[in-house]
Amino acid sequence: DAGVTQTPRHEVAEKGQTIILKCEPVSGHNDLFWYRQTKIQGLELLSYFRSKSLMEDGGAFKDRFKAEMLNSSFSTLKIQPTEPKDSAVYLCASSLNTGQLYFGEGSKLTVL
Amino acid sequence: GQQVQQSPASLVLQEGENAELQCNFSTSLNSMQWFYQRPGGSLVSLFYNPSGTKHSGRLTSTTVIKERRSSLHISSSQTTDSGTYLCALVNTGYQNFYFGKGTSLTVIP
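Residues numbered from 1 in each chain as written. Chains lettered and ligands numbered in written order. Predicted model: local features only at pLDDT ≥ 70, side-chain atom pairs only at ≥ 80, totals over all residues. Heavy atoms only, no water.

## Regarding the overall build of chain B
Next up, step 1: A tally of regular secondary structure across chain B gives zero helices and eleven strands.
Next up, step 2: In sequence order, the secondary structure elements of chain B are arranged as β-β-β-β-β-β-β-β-β-β-β.
Next up, step 3: In summary, chain B has a C-alpha radius of gyration of 13 Å against a globular reference of 13 Å for 109 residues, a match within 12%.
Next up, step 4: Counting every position in chain B, which comprises 109 residues, the buried fraction comes to 44%.
Next up, step 5: A sequence separation of at least 24 residues applies to 55% of the contacts in chain B between residues at least 6 apart.
Next up, step 6: Surface accessibility of chain B: about 5,100 Å² in total, with carbon and sulfur atoms responsible for 48%. (Helix = DSSP H or I, 4+ residues; strand = E, 2+ residues; numbered from the N terminus. Rg over C-alpha atoms; globule rule 2.2 N^0.38 Å. Buried < 20%, exposed > 50% of the residue type's maximum accessible area, 1.4 Å probe, protein only. Contact = heavy atoms within 4.5 Å. Areas by Shrake-Rupley, 256 points an atom, 1.4 Å probe, with all protein chains shown as cover.)

## What to know about the interface of chain B and chain A
Next up, step 1: With 17 residues of chain B at the interface, the matching set in chain A holds 21 residues.
Next up, step 2: Summing the contributions of chain B and of chain A, the shared interface buries around 1,500 Å²; its carbon and sulfur component is 50%.
Next up, step 3: Connecting chain B to chain A are zero salt bridges.
Next up, step 4: The interface formed by chain B and chain A contains three residue pairs in polar contact (both at pLDDT 80 or more).
Next up, step 5: Of all the secondary structure elements, the ones that give two or more residues to the side of chain B that touches chain A are strand E4 (31–37), strand E5 (43–48), strand E9 (83–91) and strand E10 (96–99) of chain B. (Buried area = accessible area lost by both parts, 1.4 Å probe. Salt bridge = Lys/Arg side-chain N within 4 Å of Asp/Glu carboxyl O. Polar contact = N/O pair within 3.5 Å; in protein donor to acceptor, adjacent residues only side chain to side chain.)

## Comments concerning the sheet that holds strand E7 (residues 65–71) of chain A
Whenever strands of a sheet pair, they do so through backbone hydrogen bonds, lying parallel or antiparallel.
Residues and elements named next belong to chain A.
Next up, step 1: Spatial ordering of the open sheet is given by E1-E3-E8-E7, a layout of four strands whose pairing is antiparallel. Both outer strands of the open sheet, strand E1 (5–7) and E7, are each paired with one neighbouring strand and no more. Neighbour to neighbour, the strand axes of the sheet diverge by 20° on average, direction disregarded.
Next up, step 2: Examined bridge by bridge, strand E3 (residues 19–24) and strand E8 (residues 74–79) share five bridges and lie antiparallel to one another. Paired with Ile-20 across the two strands is Lys-78, which belongs to E8. (Pairing = 2+ DSSP bridges. Axes fitted to C-alpha atoms, helices over the stretch in contact; angles between N-to-C directions.)

## Details of the state of the cysteines
What we call a disulfide is simply a covalent bond connecting the sulfur atoms of a pair of cysteines.
Next up, step 1: Scanning all chains against the criterion turns up two disulfides over all chains.
Next up, step 2: Between the sulfur atoms of Cys-23 of chain A and its disulfide mate Cys-92 of chain A the distance is 1.9 Å. Measuring handedness by torsion sign, the sulfur bridge of Cys-23 of chain A and Cys-92 of chain A sits at about -70° and is left-handed. Taken as a pair, Cys-23 of chain A in strand E3 and Cys-92 of chain A in strand E9 (residues 88–95) lie far apart in primary sequence, 69 residues in all. Both residues of the pair, Cys-23 of chain A and Cys-92 of chain A, belong to the buried class.
Next up, step 3: Here Cys-23 of chain B connects covalently by a disulfide to Cys-87 of chain B, the sulfurs 2.0 Å from one another. Between Cys-23 of chain B and Cys-87 of chain B, the S-S dihedral sits near 75°, and the bridge is therefore right-handed. Residue Cys-23 of chain B is located in strand E3 (residues 19–25), and its partner Cys-87 of chain B is located in strand E9; the two are separated by 64 residues in the primary sequence. (Disulfide = S-S within 2.5 Å.)

## Observations concerning the environment of Cys-23 of chain A
Residue and element names in this part refer to chain A.
Next up, step 1: Among the residues examined, Cys-23 registers a relative accessible area of 1% and is labelled buried.
Next up, step 2: Distance in space between the C-alpha atoms of Cys-23 and Gly-104 is 8.0 Å, their sequence separation being 81 residues.
Next up, step 3: Residues contacting Cys-23, with those up to four places away along its chain left out, are Val-4, Thr-5, Gln-6, Leu-32, Trp-34, Ser-73, Phe-74, Ser-75 and Cys-92.

What follows is the structure in structure tokens.
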């Protein structure tokens, strides 16, 4: 089985641009998570979907961050407009309701 | 407050030495997962360990729910073990994952 697939692996954006990150969870998994990882803050939850329904939207990340799951095998994370402080690695993970989490390779975002 | 505390924050070992990484949690849990992350890499699952002891090569994970702790033991460390080790506890029903800040391990030859 393929693992969690994230694209792009690297993204460079100018301040104010809109970027869209993509994630394909492990086939059959019904839980999907978006995290942001920085050295200072560590892992921060952005969004959590269960069976395509949004369960958590990350509170502080609501304004410019929007995650969607149009079908069970594809999710996007849109950041609009981007700011330099958004520079981080964005990780997608999925789970089959067992409590075991599988991560993708991550998308490294640099905002100039 | 922080749900998951990892210690030590960083550790330097001579190749061949053993390491004991700790994860203590302040909330009830249904399961514990240990991850390894190379610099610039993603999180690779090492153990999914709800309770008891599990082994994988030179790695051993022990979770004691009553004592609210989990440990990761690395024996005969190698330079390739260098990286960050993260623990995550999960309340399975709600799928709420709590991550520790990680232990940064450096193994020198």
